[in-house]
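Structural overview
These are the residues of each chain, in order.
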Amino acid sequence: MNVLYFAWVRERIGVPREQVETTARTVNDLVVELRAREERYAAAFEDLSALRVAVDQTLAEFDAPLDGVREVAFFPPMTGG
Amino acid sequence: MRISVQEAPFDLGREAADFAAGRADMGAIVTFTGVVRDLPGDPLEVMEIEHYPGMTEAALTEMAQQAVARFSLGDVLVIHRFGALKPGEMIMMVATAAPHRKDAFAAAEFLMDYLKSRAPFWKREVTAQGSDWVAAKDEDEVALDRWS
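Cut-off values and rules
- Residues numbered from 1 in each chain as written.
- Chains lettered and ligands numbered in written order.
- Predicted model: local features only at pLDDT ≥ 70, side-chain atom pairs only at ≥ 80, totals over all residues.
- Heavy atoms only, no water.
- Contact = heavy atoms within 4.5 Å.
- Buried area = accessible area lost by both parts, 1.4 Å probe.
- Salt bridge = Lys/Arg side-chain N within 4 Å of Asp/Glu carboxyl O.
- Polar contact = N/O pair within 3.5 Å; in protein donor to acceptor, adjacent residues only side chain to side chain.
- Helix = DSSP H or I, 4+ residues; strand = E, 2+ residues; numbered from the N terminus.
- Nonpolar A, V, L, I, M, F, W, Y, C, P; charged D, E, K, R; others polar.
- Buried < 20%, exposed > 50% of the residue type's maximum accessible area, 1.4 Å probe, protein only.
- Lys, Arg positive; Asp, Glu negative; His and termini not counted.
- Axes fitted to C-alpha atoms, helices over the stretch in contact; angles between N-to-C directions.
- Parallel < 35°, antiparallel > 145°, perpendicular 65-115°, else oblique.
- Left-handed = near helix turned anticlockwise from the far one by under 90°.
- Core = buried A, V, L, I, M, F, W, Y, C linked by side-chain atoms within 4.5 Å.
- Pairing = 2+ DSSP bridges.

**Regarding the interface of chain A and chain B**
Listed as interface residues are 19 residues of chain A and, on the opposing side, 24 residues of chain B. Carbon and sulfur atoms supply 58% of the area buried between chain A and chain B, which totals about 1,800 Å² over both sides. The largest share of the area that chain A buries against chain B comes from A:M78, A:T79 and A:G81, three residues that together contribute 39% of it. For A:R10, the salt bridge is made with B:E50, and the minimal N-O distance between the two is 2.5 Å. Seen at the junction of chain A and chain B, the total is 13 residue pairs in polar contact (both at pLDDT 80 or more). Residue assignment for the side of chain A that touches chain B shows that the elements contributing at least two residues are α1 (7-13), β4 (58-60) and β5 (71-75) of chain A. With 4 residues, α1(A) is the single largest residue contributor to the side of chain A that touches chain B. Residue composition of the side of chain A that touches chain B, by class: 11 nonpolar, 5 polar and 3 charged.

Here it is in structure tokens:
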């Protein structure tokens, strides 16, 4: 699965994207796995209320299932316009 | 309907003129343009805009389709830039065409409210003091709520 990071989430984790081998069934499960990796992940995912997630390029909730999903992205609330 | 996510500047006059040309059935054309605003007291050197290629285009297309479905629109144009922009540069524009002005204005506001908090762009302000990601505003979520 491709996992992408944007804005300060990207800066905190240190890479814009990576390939992740996972058996996570939901976004929440994936977050638990990533947090356990290293301190920089724990720091980025410390407060989920400050984060948004997109699953296959569509905004989703953290309880969204990951069956058949190819791409998950984590980022702060968007500031377009 | 045209959606453009681009690094290059755009020519507001030409875009608006092209959009408005040859529409005898559309009595109202509204355009909105967003400009990089300088920061009082801590001059802005540059505003960096990051986006999510692929999702950005899809999200903007979906918003434009929603606007067409919701209001009596003949056409929509959305241009949004990314990259490093200086104060005074144009960041984005929307244009809407409708038979009557009420729909054209409302659709432009609808698109702006969605763009602010549902299009995957992130702004960072760089000044002599350092740089900071622009935080999303609660009032932008409130603005979005009125359309639901």
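**Points about the environment of B:M26**
Residues and elements named next belong to chain B. Positionally, M26 belongs in the loop between α1 (12-20) and β2 (28-35). Take M26: its relative accessible area is 16%, and that puts it in the buried class. Between the alpha carbons of M26 and P99 there is a distance of 4.2 Å; along the sequence they are 73 residues apart. If sequence neighbours within four positions are ignored, M26 has contacts with G74, A97, A98 and P99.

**A look at the side chain of A:E71**
Position of A:E71 relative to the elements: it lies in strand β5. Of the buried charged residues, A:E71 lacks a salt bridge, with A:R17 as the closest side chain of opposite charge at 4.7 Å. In terms of polar contacts, A:E71 uses its side chain to reach the side chain of B:Y52, at 2.5 Å. If near-sequence neighbours (up to four positions away) are discounted, A:E71 is found in contact with A:N2, A:L4, A:A54, A:V55, A:D56, A:Q57 and B:Y52.

**Considering the packing of helix α2 (residues 55-70) of chain B against helix α3 (residues 101-118) of chain B**
Residue and element names in this part refer to chain B. Contact geometry of α2 with α3 gives a least axis separation of 10 Å together with a crossing angle of 155°. By the angle between their axes, α2 is roughly antiparallel relative to α3. The handedness of the crossing between α2 and α3 comes out as right-handed. On α3, the residues touching A59, L60, M63, A64, Q66, A67 and R70 of α2 are F110, L111, Y114, L115 and R118. When the residues that make up the contact of α2 with α3 are grouped by side-chain class, the tally is 9 nonpolar, 1 polar and 2 charged.

**A few points about the nonpolar core**
Counting 35 residues, the largest nonpolar core has A:Y5, A:V27, A:L30, A:F45, A:F74 and B:Y52 as its most contacted members. If near-sequence neighbours (up to four positions away) are discounted, A:F45 is found in contact with A:Y5, A:I13, A:V31, A:L34, A:R35, A:L51 and A:F74. Within the second largest apolar cluster, 33 residues are counted, among which are B:A28, B:F71, B:A98 and B:L111.

**Section: the environment of A:D56**
Residues and elements named next belong to chain A. On the secondary structure map, D56 appears in the loop between β3 (52-55) and β4. Residues D56 and A73 lie 17 residues apart in sequence; the distance between their C-alpha atoms is 8.1 Å. Sequence-distant contacts of D56, defined by excluding residues within four places in its chain, comprise G68, V69, R70 and E71.

**A closer look at the sheet that holds strand β3 (residues 44-51) of chain B**
Residues and elements named next belong to chain B. Ordered by their spatial adjacency, 4 strands build an open sheet running β5-β3-β7-β8, and the pairing between neighbours is antiparallel. Strands at the two margins of the open sheet, each flanked by one partner only, are β5 (83-85) and β8 (130-133). Taking the axes of each pair of neighbouring strands and ignoring which way they run, one obtains an average angle of 25° across the sheet. Across 3 bridges, β3 lies against β5 in antiparallel orientation. Counterpart to M47 in the pairing with β5 is L85.

So far we have only geometry, and geometry alone does not tell us how the molecule works.
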